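# Commentary on secondary and tertiary structure
So the chains spell out like this:
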Amino acid sequence: MSTNIDFNEEFPIRSQTSDSDKLSLLQIRDILGSKGAYKYLEIGSFLGGSLTPFLRDPKCTNILSIDDRERAQPDERGQKFDYAGITNETMINALENANLDTQKLKTFNGSIEEITDDEDRYDLIFIDGEHTDHNCYEDFLYSLNFQLLLSLLYRQHGTNENS
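Here the structure is a predicted model, which is why all the values come from computation and not from measurement. (Residues numbered from 1 in each chain as written. Predicted model: local features only at pLDDT ≥ 70, side-chain atom pairs only at ≥ 80, totals over all residues. Heavy atoms only, no water.)

## Quick notes on the overall build of the protein chain
Each helix and strand in the protein chain was counted, giving six helices and six strands. Walking the protein chain from its N terminus toward its C terminus, one meets helices and strands in the order α-α-β-α-β-β-β-α-β-β-α-α. Taking the contacts inside the protein chain whose residues are at least 6 apart along the sequence as the reference set, 62% of them involve residues at least 24 apart. Total accessible area on the protein chain stands at roughly 9,200 Å², and carbon and sulfur atoms take up 45% of it. (Helix = DSSP H or I, 4+ residues; strand = E, 2+ residues; numbered from the N terminus. Contact = heavy atoms within 4.5 Å. Areas by Shrake-Rupley, 256 points an atom, 1.4 Å probe, with all protein chains shown as cover.)

What follows is the structure, encoded as structure tokens:
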């Protein structure tokens, strides 16, 4: 992948994602796409900025965005982020205003631990929810119920090919 990327085209929605993180997301998207169709789950989507490369990718067939919206969230980086007024509809409108097709996007307003009826399995789970050690670890544990290819990236780097 070329590092000469137009981040404004790939990521047209304002986000807190750094350029190096955006590059990593694009590289992971390309790895997944090289394997064929895939599904993406994101915990903590805010306005949908990190969803955009997956919405743009025709090989990504299903996206689930989970976010406990409309509240202030603690953050162990020393800040509090106030998401009051940011709803699923706010995010979807921003995505559609950026000319992104949202048909493959499902949203859930709440915590991943509250989901009981989603039987899909996801090839990539991006945890970017509440930035506290406790909540990040909890999101990881609950996301194991939805994971499909947890070891994909390890196999790409030459470790245990049979895992």
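## Description of a nonpolar patch on the surface
A cluster of nonpolar residues, Tyr 137, Phe 140, Leu 141 and Leu 144, forms a patch on the protein surface that exposes about 360 Å² of accessible area. Mapped onto the secondary structure, Tyr 137 falls in helix α5 (residues 133–143). The class of Tyr 137 is exposed, set by a relative accessible area of 52%. (Patch = residues over 30% accessible without salt bridge, like charges linked within 9 Å, V, L, I, M, F, W, Y side chains within 5 Å. Salt bridge = Lys/Arg side-chain N within 4 Å of Asp/Glu carboxyl O. Buried < 20%, exposed > 50% of the residue type's maximum accessible area, 1.4 Å probe, protein only.)

## What to know about the side chain of Ser 65
Tracing the sequence through the fold places Ser 65 in strand β2 (residues 60–67). The class for Ser 65 is buried, based on a relative accessible area of 1%. A distance of 2.6 Å separates polar atoms of two side chains, one belonging to Ser 65 and the other to Ser 45. (Polar contact = N/O pair within 3.5 Å; in protein donor to acceptor, adjacent residues only side chain to side chain.)

## Re helix α2 (residues 19–34)
Across its 16 residues, α2 extends 23 Å between first and last C-alpha, which sits within 8% of the 22 Å expected from 1.5 Å per residue. Buried residues of α2: Lys 22, Leu 25, Leu 26, Arg 29, Leu 32 and Gly 33, and no others. Buried residues of α2, seen end-on, are gathered within an arc of 125 degrees and therefore sit on one face of the element. Directly beyond the C-terminal end of α2, a positive phi value near 115 degrees is found at Gly 36. (Expected span 1.5 Å × (residues − 1). Arc of directions from axis to C-beta.)

## Notes on the confidence of the model for the protein chain
Summary statistics for the protein chain give a mean pLDDT of 80 and a share of 77% for residues scoring 70 or more. Of all secondary-structure elements in the protein chain, the lowest mean pLDDT belongs to helix α6 (residues 152–156), at 38, while helix α3 (residues 52–56) reaches the highest, 96. Every residue in residues 149–163 is under pLDDT 50, and counting partners more than four places away or in other chains gives 16 contacts. (pLDDT = per-residue confidence, 0-100.)

## Examining the environment of Asp 19
Checked against the element boundaries, Asp 19 lands in helix α2. Taking C-alpha positions, Asp 19 is 7.7 Å from Phe 7, a pair spaced twelve residues apart along the chain.

## Some remarks on the nonpolar core
Among the nonpolar cores identified, the biggest contains 21 residues, and Tyr 40, Leu 51, Phe 54, Leu 55, Ile 63, Leu 95 and Leu 105 are the most heavily contacted of them. Sorting the residues of this core by element identifies α2, β1 (38–43), α3, β2 and α4 (88–97) as the ones contributing at least two each. Residue contacts for Leu 95: discarding those within four places in its chain leaves Ile 13, Leu 47, Gly 48, Leu 51, Thr 52, Leu 55, Leu 100, Thr 102 and Leu 105. Within the second largest apolar cluster, nine residues are counted, among which are Leu 64, Ile 66, Ile 115 and Tyr 122. (Core = buried A, V, L, I, M, F, W, Y, C linked by side-chain atoms within 4.5 Å.)

## Here we look at the pattern of salt bridges
Per the stated rule, a full pass over the model turns up five salt bridges. Two residues, Arg 56 and Glu 10, come together in a salt bridge whose shortest N-O distance is 3.5 Å. With Arg 56 in helix α3 and Glu 10 in helix α1 (residues 7–10), this pair connects stretches of sequence that are 46 residues apart. On the basis of relative accessibility, which here comes to 15%, the residue Glu 10 falls in the buried class. Of the charged contacts in the structure, one is a salt bridge between Lys 39 and Asp 120, with a shortest N-O distance of 3.2 Å. Taken together, the positions of Lys 39 in strand β1 and Asp 120 in the loop between β5 (105–109) and β6 (124–127) put the pair 81 residues apart, joining distant regions of the chain. Within this structure, Glu 9, Glu 10, Arg 29, Asp 30 and Arg 56 form a network of salt bridges that share partners.

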